[in-house]
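# Structural features, examined
If you want the building blocks of each chain, they are given just below.
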Amino acid sequence: MNSKANEPNTAPASGRSGEQLLGPSTGLNSDAEDSVSFISLLNQNKTESTTKPPKSVLILGLGKTGLAACEFFAKHNVSVLKFDDNANVVNGVSGDNTNVRSNINDIDFAQVLFVVQSPGVPFDHPVALVSKERGIPIFSDIDIFVQSVRHAWKSVPLLQRYGSVCRSGEYYLTLKKYVPLIIGVTGTNGKSTTVSLISQILKTQFEDVFVGGNIGTPALSLPIFPLNYDLNAPIESTEHSCSCGCEDHHGCCQNGKCCGDHDGYDEEEGYDGDYEEEEDDDFDENFLSLTRNTLFSSSPVYILELSSYQLELSHTLGLDVGILTNITPDHLERHGSFENYVKAKKKIFARKGINAFINVDDKFSKQIYNELEERGGGGYSLPFSAKDNRESIFIDSKGCMRLSDGVCVNFALNRNLLGQHNWMNMAMAYMIGAHLNFPYTKSLIQSLKGLPHRTEIVGNLGNIIFVNDSKATNAESLIKALNCFKGCKIFLIAGGRAKSDGISPAVEFMNDVQDVFLIGEASERFAEELGDRRHTICNDLANAFGCALAAAQSLASGPENVLAAGSCAPMLSILRKTSSSLLPSSSALSPSSSDASISPGSPIVLLSPACASFDQFKDYEERGDMFRLLVNNLLNTGN
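Bear in mind that the values here come from a model prediction, so they are computed numbers and not experimental data. (Residues numbered from 1 in each chain as written. Predicted model: local features only at pLDDT ≥ 70, side-chain atom pairs only at ≥ 80, totals over all residues. Heavy atoms only, no water.)

## Topic: the overall build of the chain
Keep this limit in mind: In DSSP terms, a helix is any run of H or I states spanning at least four residues, a strand is any run of E spanning at least two, and both are numbered starting from the N terminus. Each residue's exposure class comes from its accessible area (1.4 Å probe, protein chains only) as a fraction of the maximum for that residue type: buried when under 20%, exposed when over 50%, partly exposed otherwise. With residues, only the protein chains shown are counted as cover, and all accessible areas are computed by Shrake-Rupley using a 1.4 Å probe.
A count of helices and strands for the chain gives 21 helices and 24 strands. By the burial criterion, 53% of the 639 residues in the chain qualify as buried. Roughly 27000 Å² of accessible area belongs to the chain as shown, and the carbon and sulfur atoms make up 48% of that amount.

Okay, here's the thing in structure tokens:
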């Protein structure tokens, strides 16, 4: 049998071609009110500084994002004023503290050029409100990053950006590295996993793939090519000219030398003398699409996870691709209403011409998809669904995604990522590559890995399987975890600091849950919302783990699942007295290998809290690390 016959087809759905993935790669949101460029403000400030003192950039919020912005502007010799409400943070800022403030009355707003507001700073912060009243532009760090990437690319001479075409039909690509692809991913759930999967796939073809934004590295700490570019660098005109002085050579010259023939090409040879440049003064896509496969193998690719906080603050996003994984109520304490939360998410598609990948299985995402289709503007919108087989990309209940030619890509082959929500994440990542004409194999699908703390199987004791889903900070995430283990016997650990919707939305999906073990501030509330469903209030994670283990053991078959009498209790007692600050880092707590297969009836001890972690832990990662440590110590003690 020919093994290649069953390989996934790489043809994009709906007849899309690889070069269609990127719309015009420069140009920000075309709406007039959103067209301001921070670079133009810097240039204006530089010009005016010959007659009056130069203004400073105000960095609002000195967390990780704000400090990255400070370093970015310092690198480009731009004066900054740093502000944070927390005096302790201000005192801890290294370097020159003369430009650090913690009191709004110490800010001379007349000397502020523009504001870079960190995502953790509320939209209605007093400094932001005063800035708006005075007409001072406010940017997010994502605005600054995207504009900088575009400016850096445009500052490279045209012949280095594109190369040129001569009579022989060859493409002279004298410098390939600086044509960027910027992908933004947002959604209530699944955005981090989707970002990771896109990164894993694109790294098989691209040399430079960078991940940042709301996950890991702040955007402004990512490399921008060329690394030594200058924000004040002039942009070379797109008017074609060469040393021979001809005015109509249509890009046919190499390195400023005339090829001697400007109108001798026919279509068969690759040059049409009737070529006319598009109105877009960067003329990137029509020319660039001709060299897509050669050019992009060495281009920088940026994959940004974008939270609702970052999107709320952004005004000039110029992404090539925007991905929306889903929308359910979340962060309402920040946005004030669900309507405002949806508006923030929608901003990822603000730029006309962006190419949109949208999971349309919730009505809010479907509505956004419909609005994009009505708006038009040059890009395309690709709908994904696990509910409606009429959509362009449909993923069925068995993990099969059928492409336009009927070939199935079977995501269920991957044993690292469980459940239909992960198949949806894989489908979105897969189609990014498919639209760039990547070759795919089953081995690639099988090799994709999820992120820690997301339905992560961390070990097993016989056929009792321990799953760390600490990232599940709301009911919707819990529902997805429960759906991963349908037919199993689930012993659920939940609780922490409750979100607005509590655990109620997940109760109807708990048919396989044998018992719920509650921890943290939400214990009493969740107990009430669970009603008659069996539950136990355990207060802390170690106690809940011990109770869930005991309950799971009562269902597990075989002597290998039974610990020696009393061997578990001392270990749990010690862990309860251990400060969480002494936990190893996530990187040191690698998942335990699991040799148990998941089958109907398998006992699953599942940490999927449906809550924030801040009542008892620093963050969801620390909570997940504690669960891993409990499992690791249990296995070491019990074997």
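## Quick look at the nonpolar core
Quick note on the threshold: Throughout, nonpolar core names a set of buried Ala, Val, Leu, Ile, Met, Phe, Trp, Tyr and Cys residues whose side chains join them through atoms within 4.5 Å. Residue contacts follow a heavy-atom distance rule, with two residues in contact if any of their heavy atoms lie within 4.5 Å.
Ranked by internal contacts, the top residues of the largest apolar core, which has 56 residues, are Phe38, Phe73, Phe114 and Phe145. Of the residues forming this core, the biggest block, 6 residues, is contributed by helix 5 (residues 141–154). Setting aside chain neighbours within four positions, we find phenylalanine 114 in contact with Phe38, Leu41, Leu42, Ser56, Val57, Leu58, Phe73, Ile136, Pro137, Phe139 and Ile144. Ile183, Ile198, Phe206 and Ile393 belong to the second largest nonpolar core, which has 41 residues in total.

## Overview of the pairing of strand 1 (residues 56–60)
Taken residue by residue, a regular strand's side chains alternate between the two faces of the sheet. Rule in force here: Should DSSP find at least two bridges between two strands, the strands are regarded as paired. For crossovers, right-handed means that the path from the first strand over the helix to the second runs clockwise, given strands pointing away from the viewer.
Counted residue by residue, strand 1 has 5 buried out of 5 residues, so it is predominantly covered. Residues Ser56, Leu58 and Leu60 line one face of strand 1 and the alternating positions Val57 and Ile59 line the opposite face, and both faces are buried. Here strand 1 runs beside strand 2 (residues 80–83); their pairing, made up of 4 bridges, is parallel. Across the sheet, leucine 60 pairs through a bridge with phenylalanine 83, a residue of strand 2. Taking the sense of rotation as the criterion, the β-α-β connection linking strand 1, helix 2 (residues 64–75) and strand 2 turns out right-handed.

## Describing the packing of helix 7 (residues 191–202) against helix 14 (residues 420–435)
So the rule is basically this: Every axis in this analysis is a line fitted to C-alpha atoms, fitted for helices over the stretch in contact. Angles between the N-to-C directions lie between 0 and 180 degrees. Orientation is classified from the angle alone, with under 35 degrees giving roughly parallel, over 145 giving roughly antiparallel, 65 to 115 giving roughly perpendicular, and any other angle giving oblique. Should the near helix be turned anticlockwise from the far one by less than a right angle, the crossing is left-handed, and should it be turned clockwise, the crossing is right-handed. Polar here means any residue other than Ala, Val, Leu, Ile, Met, Phe, Trp, Tyr, Cys and Pro, which are nonpolar, and Asp, Glu, Lys and Arg, which are charged; Gly is therefore polar.
Contact pair helix 7 / helix 14: the axes reach a minimum separation of 9 Å and the direction vectors enclose 40 degrees. With respect to helix 14, the axis of helix 7 lies oblique. The way helix 7 lies across helix 14 gives a crossing that is right-handed. Across from Thr193, Thr194, Leu197, Ile198, Ile201 and Leu202 in helix 7, the residues of helix 14 making contact are Asn422, Asn425, Met426, Met428, Ala429, Tyr430, Ile432 and Gly433. Its residues assigned to classes, the contact of helix 7 with helix 14 comprises 9 nonpolar, 5 polar and no charged.

## Topic: the side chain of aspartate 141
With respect to the secondary-structure elements, aspartate 141 resides in helix 5. By relative accessible area, aspartate 141 is classed as buried at 2%. For aspartate 141, the residues in contact, after removing those within four places along its chain, are Thr65, Val116, Gln117, Pro119, Ala219, Leu220 and Gln310.

## Examining the pairing of strand 2
The two faces of strand 2 match: Val80 and Lys82 on one face and Leu81 and Phe83 on the other face are all buried. Relative to strand 3 (residues 100–101), strand 2 is paired through 2 bridges, and the arrangement is parallel. The residue bridging lysine 82 from the neighbouring strand is valine 100, located in strand 3.

## Quick look at the packing of aromatic side chains
The condition is simple: Only rings of Phe, Tyr and Trp enter the pairing, Trp through its six-membered ring, and a pair is recorded when the two centres are within 6.5 Å. The plane angle decides the type: under 30 degrees is stacked, over 60 is edge-to-face, the rest tilted.
All told, the structure shown has 16 aromatic pairs when counted by the stated rule. With a centroid separation of 6.3 Å and 70 degrees between ring planes, the pair formed by phenylalanine 38 and phenylalanine 139 is classed as edge-to-face. Placement of the pair is phenylalanine 38 in helix 1 (residues 38–48) and phenylalanine 139 in strand 5 (residues 138–139), with a sequence separation of 101 residues. Overall, phenylalanine 38 belongs to the buried group, its relative accessible area being 0%. Since its relative accessible area comes to 1%, phenylalanine 139 is described here as buried. Aromatic pair phenylalanine 545 and phenylalanine 627: ring centres 5.7 Å apart, planes at 80 degrees, arrangement edge-to-face. A residue pair is termed long-range when its members are at least 10 positions apart, and phenylalanine 545 in helix 19 (residues 541–555) and phenylalanine 627 in helix 21 (residues 620–638) qualify at 82 residues. Among the residues examined, phenylalanine 545 registers a relative accessible area of 0% and is labelled buried.

## Let's talk about the sheet that holds strand 5
Strand order in the open sheet formed by 5 strands is 3-2-1-4-5, with parallel pairing between adjacent strands. Of all strands in the sheet, those with a lone pairing partner are strand 3 and strand 5, marking the two edges. Along the sheet face, helix 1 touches strand 1, strand 4 (112–117) and strand 5 and points at about 150 degrees away from the line of strand 4.

## Section: the environment of tyrosine 229
Summarising the element assignment, tyrosine 229 is placed in the loop between strand 9 (208–213) and helix 8 (284–288). In this structure tyrosine 229 comes out as buried when scored by relative accessible area, which is 6%. Along the sequence, tyrosine 229 and serine 155 sit 74 residues apart, while their C-alpha atoms lie 7.7 Å from each other. With sequence-adjacent residues up to four places away left out, tyrosine 229 is seen in contact with Phe72, His76, Ser148, His151, Ala152, Ser155 and Ile224.

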